[in-house]
Amino acid sequence: MFSSLTVRNYRLFFMGQVVSNIGTWMQRIAQDWLVLSLTGSSAAVGITTALQFLPMLLFGLYGGVLVDRLRKRPALLVTQSSMALTAIALAVLTITGQVQVWHVYVAAFAVGLATVVDNPARQSFVSELVGPGQLQNAVSLNSANFQSARLVGPAVAGLLITGVGTGYAFLFNGLSFIAPLTGLLLMRARELHVVERAPRGKGQLREGVRYVTGRPELIWPIVLVGFVGTFAFNFPVYLSAFADDVFHAGAGAYSMFNTLMAVGSVAGALLAARRGTARLRLLIAAAMAFGALEILAATTPTLWMFALLMVPLGLFGMTVNVTTNTSIQMSTDPAMRGRVMALYMMVFLGGSPVGAPIVGWITDTYGARVGLAAGGAVAVLAAAVIGLVLARVGNLRLSVGWHRGHPRVRFVPREHQEELAPAA
């Protein structure tokens with residue numbers, strides 16, 4: 001489960017990300033709660049989320065082209081430093097009482113601009129740290145790292161917000177970037193797995209798009225996470241509305257929801273680290289389960305029932321995330337990985353500028369329960385349709401039967417299905 005941590009460079013990367021990810025989650029909670037406190041509007045929270053991910057939607061593919069051309073470690077030093085400075089600036093404004101909602105909007109957009117390069121660079125840098133043999137394990141541990149921080153970050157953010165103020169959560173995040181920057185500087189360049197960089201040339205953006213669209217094992221998982229990310233993963237909107245409007249429980253409940261979801265997410269990431277392969281049928285099943293659980297959570301009458309459902313929601317949501325990420329990286333040529341991962345992140349994260357204002361408006365107009373149920377319904381429908389498309393592309397048919405006394409539903413090759421059919 002932890003085999004890639006034996007690699008020194010990856011271990012430095014991993015340890016730096018532990019600290020930084022805690023700060024990132026603290027800022028997410030503080031940012032959402034600050035906007036809600038300043039405006040009282042779930043739609044405003046949605047606008048903040050949209051602004052943070054809008055640069056990825058607009059410039060994500062160009063970021064991937066840059067990442068394929070640049071050396072990853074220097075690029076990450078620049079992007080991580082810029083995000084640290086943005087967090088510290090927002091902290092100063094908030095602590096001094098000068099913060100206005102437009103300041104938060106600008107800070108969110110600035111972080112989004114850095115993410116255009118930072119996200120695909122971090123994703124593709126993992127292969128240079130560990131090599132192809134440990135790639136799946138390292139990708140899964142990265143996800144476990146991010147979600148483990150989610151256990152600590154929201155809880156600490158809740159204490160800081162209620163104890164000393166929102167600004168100190170931003171300050172901690174800004175200082176937390178010292179850890180990954182130190183780890184990057186301490187890495188041994190000679191131990192990195194050299195990946196040939198793409199030369200500067202015309203048509204590289206189109207080349208990346210053609211590469212993805214010509215491969216069903218890449219394009220359809222990206223389409224699926226596009227729908228899920230746009231409509232079902234808008235938890236800053238959903239959970240803040242449930243904490244404030246449905247259960248009237250405040251910032252503490254919002255932090256608790258995020259923490260419990262992180263428990264399930266860590267479990268999902270660690271289970272992914274143990275698996276030997278990332279199968280598309282697992283992706284389809286996890287996406288359907290994730291959407292169904294959102295619909296169920298939308299109907300729960302009490303805070304504690306809703307909170308407990310955050311654990312399986314986190315588990316299946318992380319399974320969707322890790323399975324897609326791993327299957328795409330394992331199916332992509334190293335020279336194209338930056339562009340492919342940029343497209344993946346652009347669709348997954350860049351859908352928020354479209355989805356967050358929509359689900360924010362639905363939540364404000366019809367209530368948090370309708371908003372969450374609508375997001376879950378989109379995830380279920382998208383998974384069902386794309387599952388059928390992948391089955392058709394793979395020449396598969398649905399098989400319903402019995403196995404060891406239990407019903408079993410699965411896809412099998414068409415010729416295998418014909419062999420199982422009884423003779424006329």
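Residues numbered from 1 in each chain as written. Predicted model: local features only at pLDDT ≥ 70, side-chain atom pairs only at ≥ 80, totals over all residues. Heavy atoms only, no water.

(A) Layout of the overall build of the protein chain. Secondary structure assignment for the protein chain yields 17 helices and 2 strands. Buried residues in the protein chain amount to 53% of all 424 residues. When contacts within the protein chain are restricted to residue pairs at least 6 apart in sequence, those whose partners lie at least 24 apart make up 83%. Carbon and sulfur atoms make up 66% of the accessible area of the protein chain, which amounts to about 18,100 Å² in all. (Helix = DSSP H or I, 4+ residues; strand = E, 2+ residues; numbered from the N terminus. Buried < 20%, exposed > 50% of the residue type's maximum accessible area, 1.4 Å probe, protein only. Contact = heavy atoms within 4.5 Å. Areas by Shrake-Rupley, 256 points an atom, 1.4 Å probe, with all protein chains shown as cover.)

(B) Looking closely at the packing of aromatic side chains. Under the definition given, this model contains 14 aromatic pairs. Here Phe-233 and Phe-290 contribute two aromatic rings whose centre-to-centre distance is 4.9 Å and whose plane-to-plane angle is 20°, an arrangement assigned as stacked. Of this pair, Phe-233 sits in the loop between helix H9 (216-232) and helix H10 (235-246) while Phe-290 sits in helix H12 (residues 280-298), and the two are 57 residues apart along the sequence. Across the ring face of Trp-25, the terminal group of Arg-28 is positioned such that the distance to the ring centre comes to 4.7 Å. (Phe/Tyr/Trp six-rings, centres within 6.5 Å; stacked < 30°, edge-to-face > 60°. Lys NZ or Arg CZ within 6 Å of the ring centre and 35° of its normal.)

(C) Structural context of helix H2 (residues 42-69). Counted at 1.5 Å a residue, the expected span for H2 with its 28 residues is 40 Å, and the 40 Å between its end C-alpha atoms agrees. Of all bends in H2, the biggest is about 70°, found at Phe-59. Taking the backbone nitrogen of Ala-44 as reference, a side-chain oxygen 3.2 Å away marks Ser-41 as the first, capping residue of H2. (Expected span 1.5 Å × (residues − 1). Bend = angle between axes of the 7 residues up to and from the residue. Polar contact = N/O pair within 3.5 Å; in protein donor to acceptor, adjacent residues only side chain to side chain.)

(D) The pattern of salt bridges, seen in detail. Under the definition given, this model contains 3 salt bridges. Asp-118 is paired through a salt bridge with Arg-122; the nearest N and O atoms lie 2.7 Å apart. Of this pair, Asp-118 and Arg-122 both sit in helix H4 (residues 101-130), separated by 4 residues, roughly a single helical turn. Taking the relative accessible area as the measure of exposure, Arg-122 reaches 22% and is therefore partly exposed. Glu-191 serves as the salt-bridge partner of Arg-188, at 3.0 Å between the closest nitrogen and oxygen. Assessed through its relative accessible area of 33%, Arg-188 is described here as partly exposed. (Salt bridge = Lys/Arg side-chain N within 4 Å of Asp/Glu carboxyl O.)

(E) Inspection of the packing of helix H1 (residues 8-39) against helix H7 (residues 178-186) at higher detail. Two elements in contact, H1 and H7, have axes separated by 7 Å at closest approach and are oriented at 170°. Judged by the angle between their axes, H1 and H7 are roughly antiparallel. From H1, Arg-8, Leu-12, Gly-16, Gln-17, Val-19 and Ser-20 reach across to H7, where they touch Ala-179, Pro-180, Gly-183 and Leu-186. Per-class residue counts for the contact of H1 with H7 are 5 nonpolar, 4 polar and 1 charged. (Axes fitted to C-alpha atoms, helices over the stretch in contact; angles between N-to-C directions. Parallel < 35°, antiparallel > 145°, perpendicular 65-115°, else oblique. Nonpolar A, V, L, I, M, F, W, Y, C, P; charged D, E, K, R; others polar.)

(F) Here's a closer look at the UniProt feature "transmembrane region" (unreviewed entry) in the protein chain. Under the local residue numbering, the UniProt record ascribes the feature "transmembrane region" (unreviewed entry) to residues 12-30, 42-63, 218-239, 251-273, 280-297, 303-322, 342-362 and 368-391. Helix makes up 100% of residues 12-30 and strand 0%, whereas the separation of the span's terminal C-alpha atoms amounts to 28 Å. Across residues 280-297, helical content stands at 100% and strand content at 0%; the span's end C-alpha atoms are separated by 26 Å. (UniProt positions renumbered as here; feature names shortened; annotations may be inferred.)

(G) Focus on the nonpolar core. Core analysis: the biggest nonpolar cluster contains 77 residues, and Val-212, Leu-224, Leu-239, Phe-257, Phe-306 and Tyr-344 have the highest contact counts within it. Among the elements that line this core, the one with the most residues is H1, at 9 residues. Taken together, domain 1 (1-188) and domain 2 (204-396) each give at least three residues to this core, which thus spans both. Setting aside residues no more than four positions away along its own chain, Leu-239 makes contact with Tyr-254, Phe-257, Asn-258, Met-261, Phe-306 and Met-310. Phe-13, Ala-75, Val-126 and Val-130 belong to the second largest nonpolar core, which has 20 residues in total. (Core = buried A, V, L, I, M, F, W, Y, C linked by side-chain atoms within 4.5 Å. Domains from an automatic or database assignment.)

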